[in-house]
Amino acid sequence: SAIDRKTKLGSLGKLLRFTRHWGTDRGYIWLYVWNDFLKGGIFRYLFGFGEGSLEVNLLKNHLYGLRYEAGFIPTSAHNLYLHMIFTLGVIGAGILFIGFIYTLARGYKIAVSNYKNNTADSVLSFCIISVLAGYMAQSAVSMTEPDVMPYVVLMYGILAGIGSRTADIHKTGSIKCQ
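Residues numbered from 1 in each chain as written. Predicted model: local features only at pLDDT ≥ 70, side-chain atom pairs only at ≥ 80, totals over all residues. Heavy atoms only, no water.

Structural notes on the side chain of S139
With respect to the helices and strands, S139 occurs in the loop between α6 (119–138) and α7 (149–172). Judged by relative accessible area, which is 2%, S139 ranks as buried. Setting aside its immediate chain neighbours within four residues, S139 contacts N79, L80 and Y81. (Helix = DSSP H or I, 4+ residues; strand = E, 2+ residues; numbered from the N terminus. Buried < 20%, exposed > 50% of the residue type's maximum accessible area, 1.4 Å probe, protein only. Contact = heavy atoms within 4.5 Å.)

Here it is, written out as C-alpha cells:
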C-alpha cells in the first residue's frame, strides 16, 4: 500500500498508507529524520551522527515544521530503529540489532531444549523473550524511553546469563556455585 496509491482501502487507508499525519503525526518526524540521515553522506550512513544528535537536529532544523505543522516538538524519532540508525549509523544499529536477535534466538533455543531439566529457567526465559519481543515490536512506532531501556538491557543480560549457566550445566553435568 505504500507503493499502490490507487486501491481503495476505506478506513484502513489511514493505517496502511504512510503520510505525514500517519500515527498521530509521526510521519512528520520520520520524514524529517530519514531525509536528514540521507543527507549525511557515506560516513554518517555507516557510523551515524552520534548520541544526542537527533534531538539537536530536530530542534535546529525542523522546529517550525514540527511545531506548526505537526503541533508538537519531539526529542525522539518515535521509532527506535530509525533513532538507532540516525545516531549509530547502519553499522552500529546493525550490530546492536543482530545482538538483540541473536540473544533472543539463543535464549529461545536453550529454553526449549532445557525445559525438562530446568523448568524454572525455561519459564523465566520464555517470559523475558515475550516481553522483549513485544518491546521490539512496539519500538517500531514508539519513542526511545530512557527510563525503560536499562530494564531492556537488564532483561537481555538475564537471558544471556541463563544461557551461559545452562551451557555450563551441560558441560559439567552440575551447577557450579561461585
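Points about the packing of aromatic side chains
Tallied over the entire structure, the rule returns seven aromatic pairs. With a centroid separation of 5.9 Å and an interplanar angle of 65°, the aromatic rings of Y108 and F126 are classed as edge-to-face. Linking Y108 in helix α5 (residues 80–113) with F126 in helix α6, this pair joins segments that are 18 residues apart in sequence. Members of the aromatic cluster, connected to one another through ring pairs, are W34, F37 and Y45. (Phe/Tyr/Trp six-rings, centres within 6.5 Å; stacked < 30°, edge-to-face > 60°.)

A few points about the pattern of salt bridges
For the coordinates displayed, the defined rule picks out one salt bridge. As a salt-bridge pair, K39 and D36 come within 3.9 Å of each other at their nearest N and O atoms. Its relative accessible area of 9% is what places D36 among the buried residues. (Salt bridge = Lys/Arg side-chain N within 4 Å of Asp/Glu carboxyl O.)

Some points on α5
With 34 residues, α5 should cover 50 Å at 1.5 Å per step; its first-to-last C-alpha distance of 32 Å lies more than 12% under that length. If you look at α5, its biggest bend is around 120°, right at G89. Backbone nitrogen of Y81 and a side-chain oxygen of the N-cap are separated by 3.0 Å at the start of α5; the cap is N79. (Expected span 1.5 Å × (residues − 1). Bend = angle between axes of the 7 residues up to and from the residue. Polar contact = N/O pair within 3.5 Å; in protein donor to acceptor, adjacent residues only side chain to side chain.)

A short note on the environment of G89
Position of G89 relative to the elements: it lies in helix α5. Judged by its relative accessible area of 0%, G89 is buried.

Brief notes about the nonpolar core
The biggest cluster of nonpolar side chains holds 14 residues, and the ones touching the most others in it are L104, L132, V152, Y156 and L159. Contributions of two or more residues to this core are made by α5, α6 and α7. Excluding residues within four positions of it along the chain, Y156 makes contact with F100, T103, L104, L132 and M136. In this structure, I29, L58, A77 and F86 belong to the second largest nonpolar core, which totals 12 residues. (Core = buried A, V, L, I, M, F, W, Y, C linked by side-chain atoms within 4.5 Å.)

Remarks on the packing of α5 against α6
It is at 10 Å that the axes of α5 and α6 come closest, and there the two elements cross at 155°. The orientation of α5 with respect to α6, classified from their angle, is roughly antiparallel. In the crossing of α5 with α6, the sense of the turn from one axis to the other is left-handed. The residues of α6 that touch α5, namely those facing L80, Y81, F97, F100, I101, L104, G107, Y108, A111 and V112, are S122, S125, F126, I129, L132, Y135, M136 and A137. Taken together, the residues of the contact of α5 with α6 break down into 15 nonpolar, three polar and no charged. (Axes fitted to C-alpha atoms, helices over the stretch in contact; angles between N-to-C directions. Parallel < 35°, antiparallel > 145°, perpendicular 65-115°, else oblique. Left-handed = near helix turned anticlockwise from the far one by under 90°. Nonpolar A, V, L, I, M, F, W, Y, C, P; charged D, E, K, R; others polar.)

A word on α6
Taking 1.5 Å per residue, 20 residues should reach 28 Å; α6 reaches 29 Å between its end C-alpha atoms and fits that length. Listed in full, the buried residues belonging to α6 are D121, S122, S125, I128, I129, L132, Y135 and M136. Projected onto a plane normal to the axis of α6, the buried residues spread over an arc of 150° and lie on a single side. Across from the buried face of α6, at angles greater than 90 degrees, the exposed residues are A120, S130 and A137. (Arc of directions from axis to C-beta.)

A word on the side chain of S53
Structurally, S53 is set in helix α4 (residues 53–70). Residue classification places S53 among the buried positions, given a relative accessible area of 16%. Within the local environment of S53, its side chain forms a polar contact with the backbone oxygen of F49, the two atoms lying 3.5 Å apart. Other than its neighbours up to four places away in sequence, S53 contacts F86 and T87.

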